[in-house]
Amino acid sequence: MRRRIYDKIAPMVLSFLTFSLAFYQLLKIYHMESLFSQNLVIIALFCLVAGLLSKWFIKLPLYFFT
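All of these numbers come straight from a predicted model, not from anything done at the bench.

### Side note on the overall build of the chain
Piece 1. Across its full length, the chain holds three helices and zero strands.
Piece 2. Starting at the N terminus and walking to the C terminus, you meet the elements of the chain as α-α-α.
Piece 3. In terms of its C-alpha atoms, the chain occupies a principal-axis envelope of roughly 40 × 25 × 15 Å.
Piece 4. Relative to its 66 residues, the chain shows a buried fraction of 15%.
Piece 5. Taking the contacts inside the chain whose residues are at least 6 apart along the sequence as the reference set, 42% of them involve residues at least 24 apart.
Piece 6. Within the structure as shown, the chain displays about 5300 Å² of accessible surface, and the carbon and sulfur contribution to it stands at 74%.

### Here's the deal with the confidence of the model for the chain
Piece 1. Per-residue pLDDT for the chain has a mean of 79; in total, 92% of the residues score no lower than 70.
Piece 2. For the chain, per-element mean pLDDT is lowest for helix α3 (residues 56-65), which scores 74, and highest for helix α1 (residues 2-29), which scores 81.

### A short note on a nonpolar patch on the surface
Piece 1. Together, I5, Y6, I9, V13, L14, L17, V41, L45, L48 and L52 give the surface a local cluster of nonpolar side chains, amounting to about 860 Å² of exposed area.
Piece 2. The set of elements that each furnish at least two residues to the nonpolar patch consists of α1 and α2 (36-52).
Piece 3. With respect to the helices and strands, the residue Y6 is situated in helix α1.

What counts and what doesn't
- Residues numbered from 1 in each chain as written.
- Predicted model: local features only at pLDDT ≥ 70, side-chain atom pairs only at ≥ 80, totals over all residues.
- Heavy atoms only, no water.
- Helix = DSSP H or I, 4+ residues; strand = E, 2+ residues; numbered from the N terminus.
- Buried < 20%, exposed > 50% of the residue type's maximum accessible area, 1.4 Å probe, protein only.
- Contact = heavy atoms within 4.5 Å.
- Areas by Shrake-Rupley, 256 points an atom, 1.4 Å probe, with all protein chains shown as cover.
- pLDDT = per-residue confidence, 0-100.
- Patch = residues over 30% accessible without salt bridge, like charges linked within 9 Å, V, L, I, M, F, W, Y side chains within 5 Å.
- Salt bridge = Lys/Arg side-chain N within 4 Å of Asp/Glu carboxyl O.

Structure representation (structure tokens):
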């Protein structure tokens, strides 16, 4: 279990950085940069759910709640 988490840390961090950069650009286009800090938490939750859970039928409801 611990080895599986260590193998997925790098993709999770890279996906978090990619999504946060893209989302910041989107917010900047629409002049809503002040909302970026609040949305970092949501982006981090998406990356954790995508990285740690392997079953799609568990991921899908969690995506709808976040």
